[in-house]
Amino acid sequence: MKQVRLLIAGLFFAVLAYGQENDSVYIPAITLSDVSIIDFKNDNHEVFKSMEANIHSAFNNLNSDLGDLIQNTTPVYFKNYSVGGIKTIDFRGTGAERTKVYWNGFAINSPTLGSFDFSLFPVYFISDARIRFGGAGLSDGSGGLGGSIQLNNPLEFNKNKLEISGIYGSFENYSLAARGEFVIGKIKSDTRILTSSGRNNYSYRNEFKKGHPTENRINNEFTQIGFQQLLGFDL
């Protein structure tokens, strides 16, 4: 009989312990106003290490390419495989694919290899060139761990210009170039054409043949034809 009374008392007290008053406080919903957080890209390039290549250097001529321009005016090393051969950059110990080249803001590296052949871009097609070293190249876009090279052609809407240039050198090396800038209303056109060729049939002493005869170099010709068209509209 004692066991039954204890069991009933335990159930009774358990029910009383659970039955407590509701002391919850109602808090009305609060609607927050919209907050806009805006930031702008840091265009102050003075905080990054960069260098401007001298387009008008005495080392440059119609036969010069982008690799010649950078190598002659900045402390950057290039791997060059003879005249007319491929020319790649070695920027801060990184591979050629780790240096990004931008033409008026557009990346022009090879979409498959990621590298760029600097022998294919004539200096005659450039108005301004700037090199950014190391991590500073990442300010222009991803992938430029070694650095980046910016090639720009700013358009001037207040002048017309027409020029024709040519050079001729030994071993039948020559270059012909023409450039025309015209303004028609609010439209500006900048057209540049370049053709270069050379046989490079110079004589040399062949040390690998008996008697060391003097021979002329063969299979060393190159031909390059380039065309660039820029159009701008003055808003």
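The structure under discussion appears in the preceding block.
What you are looking at is a predicted structure, and each value in this text was computed from that prediction instead of being measured.

Caption draft 1: Examining the nonpolar core more closely. Counting 25 residues, the largest nonpolar core has L66, L69, I70, F118, I126 and L151 as its most contacted members. Those elements that place two or more of their residues in this core are helix 2 (66–73), strand 6 (128–133) and strand 7 (147–152).

Caption draft 2: Region of interest: the packing of aromatic side chains. This model, assessed by the stated rule, comprises five aromatic pairs. Measuring from centroid to centroid gives 6.5 Å for Y124 and F125, while their planes differ by 50°, and the two rings are tilted. Both residues of the pair, Y124 and F125, count as buried. Put simply, the rings of F78, F116 and F118 pair up and form one aromatic cluster.

Caption draft 3: Region of interest: unusual backbone geometry. Phi is positive for N104, which is not a glycine, with a value near 50°. With respect to the helices, strands and loops of the structure, N104 is situated in the loop between strand 4 (99–103) and strand 5 (106–107). Owing to a relative accessible area of 27%, N104 belongs among the partly exposed residues under this scheme. Positive phi, normally seen in glycine, also occurs at F171, with a value near 60°.

Caption draft 4: Here's a closer look at the sheet that holds strand 8 (residues 161–169). Ordered in space as 8-9-10-13, the four strands form an open sheet in which the pairing is antiparallel. Strands at the two margins of the open sheet, each flanked by one partner only, are strand 8 and strand 13 (222–233). This sheet shows a mean twist of 5° between the axes of neighbouring strands, independent of strand direction. In the sheet, strand 10 (residues 187–198) pairs with strand 13 via twelve bridges, with the strands oriented antiparallel. Within strand 13, the residue paired with S197 across the bridge is T223.

Caption draft 5: Here's a closer look at the pairing of strand 10. Note: strand 9 (residues 173–184) against strand 10, eleven bridges, orientation antiparallel. By the bridge assignment for strand 10, A177 is matched with L194. Where strand 9 folds back on strand 10, the antiparallel hairpin that results is connected by two residues, among which G185 adopts a positive phi of roughly 65°.

Caption draft 6: Broad picture of the side chain of S64. Mapping S64 onto the fold places it in the loop between strand 1 (50–53) and helix 2. There is a polar contact of 2.9 Å between the side chain of S64 and the backbone nitrogen of N61. Non-local contacts of S64, meaning those with residues more than four positions away in its chain, are made with F59, P122 and V123.

Caption draft 7: Broad picture of the pattern of salt bridges. Summed over the entire model, instances satisfying the criterion amount to twelve salt bridges. Among the salt bridges present, the one from R199 reaches E172, with a minimum N-O distance of 3.5 Å. Here R199 is found in the loop between strand 10 and strand 11 (203–205), whereas its partner E172 is found in the loop between strand 8 and strand 9, with 27 residues between them in sequence. The class for R199 is partly exposed, based on a relative accessible area of 39%. Looking at E172, the relative accessible area reads 36%, which means it is partly exposed. Across the pair E207 and R205 runs a salt bridge whose closest N-O atoms are separated by 3.6 Å. The network of salt bridges with shared partners includes R179, E181, K188, D190 and R192.

Caption draft 8: Expanded view of a nonpolar patch on the surface. A cluster of nonpolar side chains, namely I187, L231, F233 and L235, defines an oily patch on the protein surface of about 520 Å² accessible area. Residue placement: F233 occurs in strand 13.

Caption draft 9: Main features of the side chain of K87. Here K87 shows up in strand 3 (residues 87–90). Here the side chain of K87 touches D65 through a polar contact of 3.2 Å, side chain to side chain. Reaching out from K87, the side chain makes a polar contact with the side chain of D68 at a distance of 2.8 Å.

Caption draft 10: A look at helix 2. Taken as a whole, helix 2 has its buried residues at L66, G67, L69 and I70. Looking straight down helix 2, one finds its buried side chains confined to an arc of 160°; they lie on one side. Measuring from the backbone nitrogen of G67 back to the side-chain oxygen at the start of helix 2 gives 3.0 Å, which picks out D65 as the cap.

Criteria and thresholds
Residues numbered from 1 in each chain as written. Predicted model: local features only at pLDDT ≥ 70, side-chain atom pairs only at ≥ 80, totals over all residues. Heavy atoms only, no water. Core = buried A, V, L, I, M, F, W, Y, C linked by side-chain atoms within 4.5 Å. Buried < 20%, exposed > 50% of the residue type's maximum accessible area, 1.4 Å probe, protein only. Helix = DSSP H or I, 4+ residues; strand = E, 2+ residues; numbered from the N terminus. Phe/Tyr/Trp six-rings, centres within 6.5 Å; stacked < 30°, edge-to-face > 60°. Pairing = 2+ DSSP bridges. Axes fitted to C-alpha atoms, helices over the stretch in contact; angles between N-to-C directions. Polar contact = N/O pair within 3.5 Å; in protein donor to acceptor, adjacent residues only side chain to side chain. Contact = heavy atoms within 4.5 Å. Salt bridge = Lys/Arg side-chain N within 4 Å of Asp/Glu carboxyl O. Patch = residues over 30% accessible without salt bridge, like charges linked within 9 Å, V, L, I, M, F, W, Y side chains within 5 Å. Areas by Shrake-Rupley, 256 points an atom, 1.4 Å probe, with all protein chains shown as cover. Arc of directions from axis to C-beta.

Note that all results are geometric; they support no functional claim without further evidence.
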